[in-house]
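# An overview of the molecular structure
Spelled out from the first residue to the last, the chains are:
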Amino acid sequence: MFAQNETYVHGTVVDEQHEPIVGAAVVVKGEPTIGVVTDVNGKFSLRVPEGAKALMVSFIGMKAQEIPVDTKKSITVVLKPQSVQLNETVVVGYGQQKKKSVVGAIAQTKGEVLEKSGGVPTVGQALTGNLPGVITVSTQGTPGAEDPKIYIRGQSTWNNSDPLILVDGIERPMNSVDVSSIASISVLKDASATAVYGVRGANGVILITTKHGKEGKAQIRVTTNTTMKLPSKLASKYDSYDALNLRNQAIERELALYPSAWNEYLPQEILNKYRNPANETERERYPNVDWHDVMIKKFAMDHNVNVNASGGTSFVKYFTSVDYLYEGDILKKIPNGKSYSPGYGYNRLNVRSNLDFNLTKTTVLTVNLSGSYGVKQDAYGQDDWEYRIWSSIYSTPPDAYLPKYPDGSWGYYFKHEVDAINSAATIANNGIRKITTTRINTDYTLKQDLSMILKGLNAKGTFSYDNTFKTVGGIYDNGNIQQKWIDPATGEATYTQYLGTNQFDFIPTRWSPRADETYKNKWGGSENYRKLYYELQLNYGRKFGQHDVTAMGVFSRDQYATGSEFQHFREDWVSRVTYNYASKYFLEVNGAYNGSEKFGPNNRFAFFPSGAVGWMISQEGFMKSLKFLDMLKLRASYGLVGDDNVSERWLYMTQWSYGGNTHLGSTSSDTSPYTWWSESKIGNPDIHWEKVAKANFGVDYSFLNNLFAGSVDVFNDYRTDILLAGDRRAVPSYFGGTPAMANLGKVRVKGYELELRVNKTLPNGVHLWGNFNMSHSKDRVIEADDPLLKDNYLKTEGKQIGQTRSMISDGYYNTWDQVYSSTQLNTYDAEKLPGNLYIVDFNGDGVIDSYDNVPYGYPERPQNTYSAKVGVDWKGFSAFVQFYGVNNANRYLSLADFSGHIDRAYNNGTVWTKDNPNANIPMPRWDSHMAYTGTTYLYDGSYVRLKNAEIAYTFRSNISSWLDRIGANSLRVYLNGDNLLLWTKMPDDREVNMGASTAYPTVRRINLGLNLTF
């Protein structure tokens, strides 16, 4: 019972940004049983007994504060972060650890950080620059297909280098979860962190943890984003006038070789008609088409809305979320008069419900249910010729034809139809293909505290079943259209027509609706997917004085299949033991015994061990005199990790095919009556997993009261037994077949990572912060079964994976004397002219040929990445900018003028003339040929971009009374963007080609959003 004159104290607990802190403890000093926790608004109300002197206010990761009890009945408490957040939880493989006890190379970011990524639609894009050691490279801006390629600490295999991605502990696609549902993402990089995943962890592991509810009043959060997409940098083409003028110059230069080219020389009077036609007839006869303007909108819009609710009682805690995403098309809608609207687009609906039931005081049941329904729109036939959709943007000459003529005919190029595709006609007349992907993911986890058996013991069992269904349907149109080309020399029109049954006039082919059916990829395979996963885990954790011991054992099995194929199987037996003494000395030992059905019976299972040690040197007595030092920890790890992520199965089995007959006579019809069996693929019973020995040394630091903090890591990965395809092996051609795939490759990757975090709060409450990181990784092929007698420079060994190769150009032949004395070309040697590139005869054999194609520069993926993010927070205001850059990368993009003998020319800079011998590019050719272009179109792939920028303001109910009137706690309004500015020598904004020189244009984003919390 309290005294009669007890008092009530009300208040609010907030952080430095005046955001309410939920769950902060407010306790009467000296009376630990008298206290409360703050609600979802950070508010509390406490009865304080007579004689109480102070209140103690605390929250995990924050400095506790002592607040005197005086005459004030209402107080506001501002908690500040601890100098070093050593008690912060880090998600690791099969569990969690305190940050102070982590001895592996693990980087982690929060969902709140990813939400500020400028309206990007995928998690992969949001990761860019936020975690050291994670390299992302983007290729295109197609709605629904913008996921970047992700590397963790570079590339150590020429096979699949994708990291293992786990969502709530289950292997799932990264795009199956939306950013608003993510609590944290951890990236596991070294052996101590990844070895527990055995044959799946060699490329690194990304752990995505979704949000869960907390006990307390329901909190509803509504987030909306409206994003304007603008086309980013594209290669620039000359208009008709400038291209044809350049063609005239090329014809003049080569008249000695091809006098007949004079017939194609255009007088100035005709050139002027392309730029200034006198009437409609001349406009059609002398086209000057800006294909960028024809095909690309000024901007397109994306929309994203997320509504989630979280909260709970002592029995059940919940987090539920609904997320809708619409991605618009940056390509223009081309009217086709067929009553359907073609083009690209993407609509996706995600739903999630995460529930935690406290069945008893010792038993917790967690149920995670999620689903996704996505519809991607494009055109039929995409799998075989997608490049036709945007080919005009990059390569169709401006003078070939009009996209569509007033009479309804579509333009085409009679002379070179294949090299001058009409993308406007293609996208408008090939129907609408809608690929629908439906995912249903379920997992159930039962946790049981077994302290009644042994203190610190608990068990966990997980059962998961996922299904993915992919269908295709829409409107089918075979693209048959009436086409027209007007010969500029004569003005005569040529048509291509598909005649109707009356044979008098063109009748367009009727389009037809297509019902949804199972989607087949271009190899004819189904992408329907089912996955069963179950796991049993036993955990032990106990502290004996200053000795802290934990142990874990896991058994799991994974079964999955696509379509009607035979199921894939994996089985894992995992263990981990950790020990630390006085939070000063740390030891961790991991082991994984893994099985994969991809290998033969004798190689199906393997053991992958790892170990790590750590030393919190700042806790030593001899370091106490360094008052500026908050924390200094040394850590080192070493271990083995495996990889079975190869595209093929049954590699250990020889495969046979049935069909064909033996010829017995002198004619082709004289065959044996017996059909034969033949060996179609040679098996290798010794095939087994790739292995990586990973070594890592790291330092974590913090000093000057957390003004500066960060980490330094140095790593060395040595990958062996890399699978090498049979057609790449050094086997003579007379072997008689394609050799079996074998474990013959070795690659070493070395690198380092630097991270620096800066935090400073000024006396006036302004909080300044900065996050900086830099990563370097360089691989080197040690063995790749190159032929022994092959010249070293032609071998794969000693170079990087994907090493760029090029003939080396060293200036120009500027005079006829230089031409006559130049090295012979193995092709078109007689067509050399002043203005030709001087190609280095690398092997000195007196002939320029394929043996002079040598390693040059770097691969497309960068060796170095840099990120710098700086921001400011003050009361409700916040702002930040993030710059991201890469270097040591090369990219080849052929922008050769008049290639294919069409009037296409690019703005590549200055062109060689006898008066300008140091130009950017050689004099283009029209009828004659320049055999080799050397390094002319090999670009430095380095760039710096303003990756993200944001300015925001948060209104709070304790300050803005109008929020109270609508029942809201806070409203955050923000304007941010992605890929806002770019500095690069590349002609367009793509980081890698990924198999093609053209792609759907990449975009910049400007996003306006709000976040409303009730």
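- The name given to the protein in an unreviewed UniProt entry is SusC/RagA family TonB-linked outer membrane protein, and the organism recorded there is Prolixibacter bellariivorans.
- Looking at the Subcellular location (unreviewed entry) heading of the UniProt record, one finds this comment for the protein: "Cell outer membrane".
- Per UniProt, the comment on the protein under Sequence similarities (unreviewed entry) is "Belongs to the TonB-dependent receptor family."

### Here's the deal with the overall build of the protein
- Looking only at helices and strands, the protein features 12 helices and 52 strands.
- Taking 1014 residues into account, the globule formula puts the C-alpha radius of gyration at 31 Å, and the protein, at 33 Å, falls close to it.
- In terms of its C-alpha atoms, the protein occupies a principal-axis envelope of roughly 110 × 70 × 65 Å.
- Within the protein, the fraction of its 1014 residues that count as buried is 51%.
- If you take every contact in the protein between residues at least 6 apart in sequence, the share linking residues at least 24 apart comes to 70%.
- The distance from the centre of the 105 positive side-chain charges to the centre of the 105 negative ones in the protein is 8 Å.

### Digging into the packing of helix α4 (residues 240-253) against helix α5 (residues 268-275)
- Where α4 contacts α5, the axes come no closer than 8 Å and their chain directions differ by 155°. Relative to α5, α4 is oriented roughly antiparallel. Together, S240, Y241, D242, L244, N245 and N248 of α4 and Q268, L271, N272, Y274 and R275 of α5 make up the contact between the two elements.
- Counted by class, the contact of α4 with α5 contains four nonpolar, five polar and two charged residues.

### Topic: the sheet that holds strand β26 (residues 493-496)
- In space, the three strands of this open sheet follow the order β22-β25-β26, with mixed pairing throughout. What marks the edges here is a single partner per strand, and that holds for β22 (410-411) and β26.
- Relative to strand β25 (residues 483-486), β22 runs parallel, the two sharing two bridges. Residue pairing in the sheet places G411 in a bridge with K484 of β25.

### Points about helix α9 (residues 387-394)
- Counting buried positions along α9 gives six out of eight residues, so the element sits mostly inside the fold.
- Of all the residues in α9, the buried ones are I389, W390, S391, S392, I393 and Y394.

### Comments concerning the domain arrangement of the protein
- Its domain assignment divides the protein into domain 1 (7-81) and domain 2 (294-518).
- Relative to domain 2, the C-alpha centre of domain 1 lies at a distance of 52 Å.

### A short note on empty space enclosed by the protein
- With the rule as written, the count across this model stands at 13 cavities of 30 Å³ or more.
- Every residue lining the largest cavity is counted, 20 residues in all, and those nearest its centre are Q125, S138, K947, D978 and E991.
- For the lining of the largest cavity, the elements supplying multiple residues, two or more each, are β11 (134-137), β50 (943-956), β51 (970-984) and β52 (1003-1013).
- For the lining of the largest cavity, the element with the most residues is β50, which contributes three residues.
- Of the residues in the lining of the largest cavity, the class split is five nonpolar, eight polar and seven charged.

Parameters and conventions
Residues numbered from 1 in each chain as written. Predicted model: local features only at pLDDT ≥ 70, side-chain atom pairs only at ≥ 80, totals over all residues. Heavy atoms only, no water. UniProt positions renumbered as here; feature names shortened; annotations may be inferred. Helix = DSSP H or I, 4+ residues; strand = E, 2+ residues; numbered from the N terminus. Rg over C-alpha atoms; globule rule 2.2 N^0.38 Å. Buried < 20%, exposed > 50% of the residue type's maximum accessible area, 1.4 Å probe, protein only. Contact = heavy atoms within 4.5 Å. Lys, Arg positive; Asp, Glu negative; His and termini not counted. Charge placed at Lys NZ, Arg CZ, Asp CG, Glu CD. Axes fitted to C-alpha atoms, helices over the stretch in contact; angles between N-to-C directions. Parallel < 35°, antiparallel > 145°, perpendicular 65-115°, else oblique. Nonpolar A, V, L, I, M, F, W, Y, C, P; charged D, E, K, R; others polar. Pairing = 2+ DSSP bridges. Domains from an automatic or database assignment. 1 Å grid on protein atoms, 1.4 Å probe; cavity = no way out; pocket = protein on both sides within 12 Å on 5 of 7 lines; lining within 4 Å. Points joined across faces, edges and corners; volume = space filled by probe spheres on them.

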